[in-house]
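Now for the letters of each chain:
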Amino acid sequence: MNTEYAKKNVLEIENLRKSFGEIHAVQDISFRVKEGELFAFLGVNGAGKSTTIAMICGELGRDGGEIRIDGSDWKTNPDSIKRKLGVVFQHSVLDRSLSVQDNLESRAALYGIYGAEFEKRLSELTELLSLEELLKRPLDKLSGGQRRRIDIARALLHRPKILILDEPTTGLDPQTRKNVWEVVSHLQKTEALTVFLTTHYMEEAADADYLVILDHGKIAAEGTPHELKKQYIDDYLTLYGVSEAQVAVLGYPYRTVAGGYRLAIPNPSAATALILSHPELFVDYEITKGKMDDVFLNVTGKILSEESVPKHTKGGKRG
């Protein structure tokens, strides 16, 4: 049996709606998140991401629709749902004047985790996140990357089934970002942790098992990274050491690049067909897959990292 199809849904959103006066922030959206999945929820500021997350976390009421977390609904089983969710917000919610250990101990108490149980969990998280040298230090004396590790530890104290990461690596240096994702990947493998991610880094979204792109409160596109690339963007074939006349014969749109010409092709099979029919041109060439940045641009007309500037494509994927 294919285990992909055996995974159960741990988060189910059905026809979710939320308005603020005349502003329809979330407009009848539905999606599923499977157990152990890395799920990316993408959109520029104002697309409805934060409103959706606030409703999932029970911080904001909904105008309509259903939210089921591991089979339970906030309306009928709020205490159970609280223990199933861990949230790393964009901005830390910890007390900057307290030590790291005092912060974690006070947060653990909110989940009824005290004494020996807390010490055991603290030891586990200290090893996982390399916190040993930080525990006695005040939070306001830590770097941004160190504080982010504490935020993750706080969210994991009660062993949640779903970890919501709301732009967790924004502003972090590349090495710290890498370390954060190593920890998250380890937890997914060892504890079947489900990760619900929002991010402005499309290379992080490209590693997701499934993506939803939100635009103006509606789902504009969804699928695996591979499915979305196939649907919305071309691949590129770059030929070196050939003339423009030779490239023009191939019948695909092209542009000049350093040392050669780059053609937009619909898929790798098209490149294979060209190689077989014109082998004399393929002495020096490379095939480049389209990127998730291009998918987002073609779906929404916007660049994810540039929040308010609409962009126009020059002919993305047809249809």
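Definitions and limits used
- Residues numbered from 1 in each chain as written.
- Predicted model: local features only at pLDDT ≥ 70, side-chain atom pairs only at ≥ 80, totals over all residues.
- Heavy atoms only, no water.
- Axes fitted to C-alpha atoms, helices over the stretch in contact; angles between N-to-C directions.
- Helix = DSSP H or I, 4+ residues; strand = E, 2+ residues; numbered from the N terminus.
- Parallel < 35°, antiparallel > 145°, perpendicular 65-115°, else oblique.
- Left-handed = near helix turned anticlockwise from the far one by under 90°.
- Contact = heavy atoms within 4.5 Å.
- Nonpolar A, V, L, I, M, F, W, Y, C, P; charged D, E, K, R; others polar.
- Pairing = 2+ DSSP bridges.
- Phe/Tyr/Trp six-rings, centres within 6.5 Å; stacked < 30°, edge-to-face > 60°.
- Buried < 20%, exposed > 50% of the residue type's maximum accessible area, 1.4 Å probe, protein only.
- Lys NZ or Arg CZ within 6 Å of the ring centre and 35° of its normal.

## A short note on the packing of helix α4 (residues 100–109) against helix α6 (residues 144–156)
Then, number 1: Direction vectors running N to C along α4 and α6 enclose 25 degrees, while the axes themselves pass 9 Å from each other. Comparing their axes, α6 and α4 come out roughly parallel. Our pair here, α4 against α6, has a crossing hand that is right-handed. Residue-level contacts link V100, L104 and R107 of α4 to I150, A153 and R154 of α6.
Then, number 2: Classifying every residue of the contact of α4 with α6 by side-chain character gives 4 nonpolar, no polar and 2 charged.

## Points about the sheet that holds strand β11 (residues 235–240)
Consider a sheet: its strands pair through backbone hydrogen bonds, and that pairing is either parallel or antiparallel.
Then, number 1: If you walk across this open sheet you meet the 4 strands as β12-β13-β11-β14, and the pairing is antiparallel. Each edge of the open sheet carries a strand with a single partner, namely β12 (254–257) and β14 (285–288). Adjacent strand axes in the sheet meet at a mean angle of 25 degrees when their direction is disregarded.
Then, number 2: Pairing between β12 and strand β13 (residues 260–265): 4 bridges, direction antiparallel. Residue pairing in the sheet places V257 in a bridge with G260 of β13.

## Considerations on the packing of aromatic side chains
Then, number 1: Going through the model one piece at a time under the given rule, you end up with 8 aromatic pairs.
Then, number 2: Seen in terms of ring centroids, F31 and F41 are 5.4 Å apart; in terms of plane orientation they differ by 40 degrees. Their pairing is tilted. Of this pair, F31 sits in strand β2 (residues 23–34) while F41 sits in strand β3 (residues 38–42), and the two are 10 residues apart along the sequence. Here F31 matches F41 in class, with each residue buried.
Then, number 3: With centroids separated by 5.3 Å and ring planes inclined at 50 degrees, the aromatic side chains of F41 and F196 adopt a geometry described as tilted. Within this pair, whereas F41 is found in strand β3, its partner F196 is found in strand β8 (residues 194–198), the two being separated by 155 residues in sequence. Each member of the pair F41 and F196 is classed as buried.
Then, number 4: An aromatic cluster is built from F31, F39, F41, F196 and Y210, whose rings are joined through pairwise contacts.
Then, number 5: Directly above the aromatic system of Y201 lies the positively charged group of R177, at a separation of 3.7 Å from the ring centroid.

## Section: the sheet that holds β8
Then, number 1: Spatially, β6-β7-β8-β3-β9-β10 is the arrangement adopted by the 6 strands of the open sheet, whose pairing is mixed. Each having just a single partner strand, β6 (85–88) and β10 (218–223) make up the two edges of the open sheet. On average, adjacent strands in this sheet sit at an angle of 15 degrees to one another, irrespective of strand direction.
Then, number 2: Here 5 bridges tie strand β9 (residues 210–215) to β10, and the two strands are oriented antiparallel to one another. Its bridge partner being in β10, L214 is matched across the sheet by I219.
Then, number 3: Together, β3, β6, β7 (162–166), β8 and β9 form the strand contacts of helix α2 (residues 49–56), whose direction differs from that of β8 by roughly 150 degrees.
Then, number 4: Against the sheet, helix α7 (residues 174–191) makes contact with β3, β7 and β8, and its axis sits at roughly 145 degrees relative to β8, the strand it touches most.

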